Amino acid sequence: MFVCGAAVAQSAPQLPEQDRALSREIFKQLIEVNSEDSDGSVTAAAVVARNQLLKAGFAAEDLVLAGPNERKQDLVARYRGAADSKLKPILIIGHIDVVEARRADWTVDPFVFLEKDGYFYGRGTQDMKGADATVIESFIRLKREGWVPKRDIVLALTADEEGGKSNGVDWLLKNRPELMQAEFVLNPDSGGVELRGGKATAMGVEATEKTYADFRLTATNRGGHSSLPRPDNAIYELMHALDKLEATPFPVELNDVTRAELAEEAKITTPERAAAIRGVLAVPPDAKAVAEFVKVPTDNALVRTTCVATLLSAGHAPNALPAMATANVNCRILPGHSQEQVRQQLIALFADPKLTVEYVADDGTVSADAPNRQSLPPPPPLPAVFVPLREVTAAMWPEIPVIPTMEAGASDSIYTMAAGLPSYGVSGIGVDFDDVRAHGRDERLRVESFYKGVEFYYLYLKALGM
Ligand SMILES: [Zn+2]
């Protein structure tokens, strides 16, 4: 190992007691601020982080609150590097909003930070206030040690990743671009340590992701009295289209990232699964292996664009022929394909000129065409990102590989990538692959996973900034 790798290994003790307590306190404060879009305040969460950083000695002018309105202020915190540095900053983005959580759906209060049975419970523990806390605390610990990185490290804590009209990364890039200058971006919303039964098996780095799109299918009809049914019927027409959707999955397609991801996965999985993966990776793919592989939803989502019916509404009276039937179809689109391209594929699949397929934007507006937006090709594996990542991973989890991954969901990296900033999902938090509760009820995170994640970001920032 290199000299600096050895230095990392020596400096990888358990998280000190002081930092354990502080990271837990920051995490608790973030969870107990409701930052839902409907009735919460992102600003209140940004202020929690700002106050902690102020208390730790960060200058007020390096802790900028900015955003489109009072409830959606983002925080951009700058850790100053060497004054004579010619290097562009490193930008870390983390959203501080959360998905709506209804108390009635949960067995515990989603906005009370609870430690129970080795887990922290609360809305945002997995997605992603835990990760936010790991970076905030690392900033404070490094500051306390008097550490000065080679270049500025900027942390943007932002609004409306989960929904809402004020996406903070998008807003800052458009309105405060001077704050967002960077050579590359790290986004701890994705990537991280995969756990199986609590044991670390891989360090994933999100290197590309799918694009999100909603489409509204509408069948209309002149309607009439239900005592005189006719062959033309809006509900049946819509159902025929949905039948086709169900029966016709998009083609399997691999890219550089998913190929690399599967090749690494094959090395660490069961012999049966490894055989299926080899069949999927074969050129051309082995049809039987593919059929077996895609039975698992996460595997299926990895190798194809998916579109699924998620909402349905039709008719207006029990005794009338329906004048209208609509469905929402939600698609997760592979990199290299645009939303409009998928809309055209759906139109071709339904082959029904009477059925309209419209695009529904994030803010709910409906338009005839979809944007040509698509995920950009994955960025190259920058040594400035990956060399220190491999060192720190080797020091903390000596047995596990670092694997580039494709995220089936979409994250704010789509905005930074579109702005020309290579973006990578990097986190040291481990989540059990079968205990993903992000967006779900009783969201929780292993206590020790969190503290390891704190230690990870401290070591990683130090290795990045040396
Ligand atoms: Zn998230």
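Scroll up to find the structure this text is about.
Let me begin by describing the structure that accompanies this report. (Residues numbered from 1 in each chain as written. Predicted model: local features only at pLDDT ≥ 70, side-chain atom pairs only at ≥ 80, totals over all residues. Heavy atoms only, no water.)

Bringing the pattern of salt bridges into the picture now. Tallied over the entire structure, the rule returns 32 salt bridges. Put simply, Arg24 and Glu115 hold a salt bridge, and the shortest N to O gap is 2.8 Å. With a gap of 91 residues between them, Arg24 in helix α2 (residues 17-31) and Glu115 in strand β4 (residues 114-116) connect regions that are remote in the sequence. A relative accessible area of 40% places Glu115 in the partly exposed class. Of the charged contacts in the structure, one is a salt bridge between Asp299 and Arg273, with a shortest N-O distance of 2.5 Å. Here Arg273 lies in helix α8 (residues 271-281) and Asp299 lies in helix α10 (residues 297-303), a separation of 26 residues in the sequence. By sharing partners, the salt bridges in this structure join Asp19, Arg141, Arg144, Glu145, Glu455 and Lys462 into a single network. (Salt bridge = Lys/Arg side-chain N within 4 Å of Asp/Glu carboxyl O. Helix = DSSP H or I, 4+ residues; strand = E, 2+ residues; numbered from the N terminus. Buried < 20%, exposed > 50% of the residue type's maximum accessible area, 1.4 Å probe, protein only.)

What follows deals with the packing of helix α7 (residues 256-268) against α8. One can describe the packing of α7 onto α8 by two numbers: an axis separation of 9 Å at closest approach and a directional angle of 155°. By the angle class used here, α7 and α8 are roughly antiparallel. Of the two elements, α7 crosses α8, and the hand of that crossing is left-handed. Packed against α7, whose contacting residues are Arg259, Leu262, Ala263, Glu265 and Ala266, the element α8 presents Arg273, Ala274, Ile277, Val280 and Leu281 at the interface. Residues belonging to the contact of α7 with α8 are distributed by class as follows: 7 nonpolar, no polar and 3 charged. (Axes fitted to C-alpha atoms, helices over the stretch in contact; angles between N-to-C directions. Parallel < 35°, antiparallel > 145°, perpendicular 65-115°, else oblique. Left-handed = near helix turned anticlockwise from the far one by under 90°. Contact = heavy atoms within 4.5 Å. Nonpolar A, V, L, I, M, F, W, Y, C, P; charged D, E, K, R; others polar.)

Moving on: the coordination of the zinc ion. Protein coordination at the zinc ion comes from His95 (NE2), Asp127 (OD), Asp189 (OD) and Asp189 (OD), with a distance range of 1.9 to 2.6 Å. Sequence positions of the residues that donate to the zinc ion give the spacing H-x31-D-x61-D. Separated by 62 residues along the polypeptide, Asp127 in the loop between β5 (119-121) and α4 (129-144) and Asp189 in the loop between β7 (184-186) and β8 (192-196) bring together distant segments of the chain. (Donors = N, O, S within 2.8 Å, 3.2 Å for Na, K, Ca; no water.)

Two orientations exist for strands paired in a sheet by backbone hydrogen bonds: parallel and antiparallel. Here we have 4 strands laid out as an open sheet, ordered β17-β9-β8-β19, and mixed in their pairing. Edge strands, defined here as strands with exactly one partner in the open sheet, are β17 (402-407) and β19 (430-432). Each strand of the sheet is rotated relative to its neighbour by a mean of 40°, with strand direction disregarded. In this sheet, strand β9 (residues 199-209) lies alongside β8 in antiparallel orientation, the contact comprising 5 bridges. Opposite Val193, over in β9, you have Met203 as the bridge partner. (Pairing = 2+ DSSP bridges.)

Moving on: the packing of α4 against helix α14 (residues 447-465). Put simply, α4 and α14 touch, their axes get as near as 8 Å, and they point 50° apart. By the angle class used here, α4 and α14 are oblique. Along this stretch, α4 crosses α14, giving a crossing that reads as right-handed. Of the residues in α14, those in contact with Gly130, Ala133, Thr134, Val135, Glu137, Ser138, Phe139, Arg141 and Leu142 of α4 are Phe450, Gly453, Val454, Glu455, Tyr457, Tyr458, Leu461 and Lys462.

Attention now moves to helix α12 (residues 383-396). For α12, with 14 residues, the first-to-last C-alpha span of 19 Å sits near the 20 Å given by 1.5 Å per residue. For α12, the complete set of buried residues consists of Val385, Phe386, Pro388, Leu389, Glu391, Val392, Thr393 and Met396. (Expected span 1.5 Å × (residues − 1).)

Before going further, it helps to examine the packing of aromatic side chains. All chains considered together, the criterion is met by 18 aromatic pairs. Centre to centre, the rings of Phe27 and Phe120 are 5.6 Å apart; their planes meet at 80°, and the pair counts as edge-to-face. Taken together, the residues span a long stretch of sequence, with Phe27 in helix α2 and Phe120 in strand β5 at a distance of 93 residues. Comparing Phe27 with Phe120 shows no difference in burial state: the two are buried. Ring geometry for Phe456 against Tyr457: centres 5.5 Å apart, planes inclined by 85°, an arrangement best described as edge-to-face. For the pair shown, Phe456 and Tyr457 are each scored as buried. A network of ring pairs unites the aromatic residues Phe27, Phe113, Phe120, Phe450 and Tyr451 as a single cluster. Over the aromatic face of Tyr79 sits the side chain of Lys143, whose NZ or CZ is 5.5 Å from the ring centroid. Just above the ring of Tyr119 sits the side chain of Arg444; from NZ or CZ to the centre is 3.7 Å. (Phe/Tyr/Trp six-rings, centres within 6.5 Å; stacked < 30°, edge-to-face > 60°. Lys NZ or Arg CZ within 6 Å of the ring centre and 35° of its normal.)

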